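# Working through the structure, step by step
Now for the letters of each chain:
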Amino acid sequence: MVNEKMRGLGACRSVIRELFEYGKKRKTEIGDENVFDFSIGNPSVPSPAIVNETLTCLLQKKDAVSLHGYTSAQGDAGVRRAIADYVASTHNATVNPDLIYLTVGAAASLTISLSALTVAGDEVILLAPFFPEYRVFVERNGAVAVPVLCDTKTFQPDLDAIRAAITPKTRAIIVNSPNNPTGAVMTKESIEGLAALLSEASKENGQPIYLIADEPYCELVYGDIEVPYLPHFYANTLICYSFSKSLSLPGERIGYILVNPDAEDATAVYQAVCGAGRALGFVCAPALFQYMIPAVIGKTADISIYDTNRRLLSEALTSYGYEVVNPDGAFYLFVKALEGDATAFCERAKEHELLLVASDSFGCPGYVRISYCVTTEQIQRSLPAFKALAESYKTEK
Ligand code: PLP
């Protein structure tokens, strides 16, 4: 006998992973260059040089026993202080290093935070379209995911719909800006509206509704777009950060949770975070990568390459007749499928060797996600296939 819920999760991969695996197989059949794989958000730009320089220096200079030894369960104190200092000075904010918990990336940050805040039967609002793994993380310990669709013109939160979805059981809402899969960045007006709404609803509920800010893409924005610091707007905020995307280090698994010191019950929330980390076995994030953080925090890979890809792809697809959501951040393009059933559209795209992710599991049917964290050359080579796919629909009419 096994836990059937876990077995189900293991036996049935996410749509993204399924397509990623299909892509690997297809590449062995017809050659890497003939498959246009836009399935997964694996950064295509190398880490900035300072990452490897810092790691090399640590390996050469730091005593090997302490370098590879356990740190405190919540993360090394000096590293937590460096993160706190950086966040405080960047955002002119109050940050307490003793309310920071080092994790193995945003996925762990989220699953720990959700375990810390919810019990079975609690409800967590997800703003659709959302990263599909949220549902897995929320439902893991019996909490209930409540999807609320964003305004599909702007992909900003629909405040009336959120208000209508809140119940006395609502414990938290997850926001993700810049967003996977739309690239939308929440505006200051949206954040102010959301904060006012959550404050009012928390008062009515007699307990806080926590804002869980999933922010692995917060440095990946284009032009003069800014990502506001959410604790300035809403005190009961937990930030789930990851270095996976900003530093192109998704395989190394390093990130953190930051509990806002001004949150009601901040100490209790942090203790629950430490307890959830312990219960889930997420203590002592990889030590080498923790020690790297003070030297690299705030640096990013060369994101101008993503900007080039973003422009190239959105301009070309628009000219072929696709309806494209203009992304202000992250490295995804959200595109209306050319038929009602996005899964059927993706199957047809596969006939052109285009691997696109159907949006159904993001809670917003009828679209596809294109991860443009690939080489610019791959995008250039894929354009005739996108054009042929669009034309195949036109000739049907
Ligand atoms: N949250 C979002 C919105 C993501 O897109 C991802 C990964 O793609 C994650 C969380 C997980 O990030 P990590 O690899 O740091 O666990």
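Going by the structure above, here's the rest.
An account of the accompanying structure is given in this report. Please read all numbers here as calculations on a predicted model, not as lab measurements. (Residues numbered from 1 in each chain as written. Predicted model: local features only at pLDDT ≥ 70, side-chain atom pairs only at ≥ 80, totals over all residues. Heavy atoms only, no water.)

### So, the packing of helix α3 (residues 49–61) against helix α11 (residues 287–296)
For the record, the criterion: To define axes, lines are fitted to C-alpha atoms, for helices over the stretch in contact only, and angles between the resulting N-to-C directions are given on a 0 to 180 degree scale. Helix and strand labels come from DSSP, where a helix needs a run of H or I of at least four residues and a strand needs a run of E of at least two; each type is numbered from the N terminus. Every angle not falling under 35 degrees, over 145, or within 65 to 115 is termed oblique; those three ranges are roughly parallel, roughly antiparallel and roughly perpendicular. Take the far helix as the reference: if the near one is turned anticlockwise from it by less than a right angle, the crossing is left-handed, and if turned clockwise, right-handed. Only heavy atoms matter for contacts: two residues are in contact if any of them lie within 4.5 Å across the pair. Residue type decides the class: Asp, Glu, Lys and Arg count as charged, Ala, Val, Leu, Ile, Met, Phe, Trp, Tyr, Cys and Pro as nonpolar, and the leftover types, Gly among them, as polar.
Viewed as axis vectors pointing N to C, α3 and α11 meet at an angle of 125 degrees, and their least axial separation amounts to 9 Å. Classed by the angle they form, the pair α3 and α11 counts as oblique. The element α3 and its partner α11 pack so that their crossing is right-handed. For the pair α3 and α11, the contacting residues are I50, V51, T54, L55, L58 and L59 in the first and L288, F289, Y291, M292, A295 and V296 in the second. Its residues placed into classes, the contact of α3 with α11 shows eleven nonpolar, one polar and no charged.

### Side note on the site of the ligand
The cut-off we apply is this: In this text, near means that some heavy atom of the residue lies within 4 Å of the molecule or strand in question. Under this definition, polar contacts are N or O atom pairs within 3.5 Å; protein pairs additionally need one hydrogen-donor-capable and one acceptor-capable atom, and for neighbouring residues in sequence, both atoms have to be side-chain atoms. Per-residue and other accessible areas were derived by the Shrake-Rupley procedure at a 1.4 Å probe size, with only the shown protein chains allowed to occlude residues.
Residues in close proximity to the ligand total 14 residues, the closest being N180, D214, Y217, S242 and S244. Between the ligand and the protein, one listed contact pairs an oxygen atom with a side-chain N or O atom of Y217 at 2.6 Å. If the ligand stood free it would expose 390 Å²; the protein chains cover 91% of that surface. Here the residues of the shell around the ligand sort into six nonpolar, five polar and three charged.

### Some points on the pattern of salt bridges
The following threshold applies: Salt bridge, as applied in this entry: a Lys or Arg side-chain nitrogen positioned within 4 Å of an Asp or Glu carboxyl oxygen.
Applying the stated criterion to the full structure yields 15 salt bridges. Where D307 meets R310, a salt bridge forms, and the shortest distance between an N and an O atom there is 2.9 Å. Taken together, the positions of D307 and R310, both in helix α12 (residues 304–319) and three residues apart, correspond to about one turn of that helix.

### Here's the deal with the state of the cysteines
Worth spelling out the cut-off: We call a pair of cysteine sulfur atoms a disulfide when they lie within 2.5 Å. Buried residues are those whose accessible area, probed at 1.4 Å on protein chains only, stays under 20% of the maximum for their type, while exposed residues exceed 50% and partly exposed ones sit between those limits.
Under the criterion given, the structure shown has zero disulfides. Between C364, a free cysteine, and C150, which holds the nearest cysteine sulfur, the sulfur-to-sulfur gap is 8.2 Å. C364 sits in the buried class, given a relative accessible area of 2%. Free cysteine: C373, not disulfide-bonded; nearest cysteine sulfur from C346 at 16 Å.

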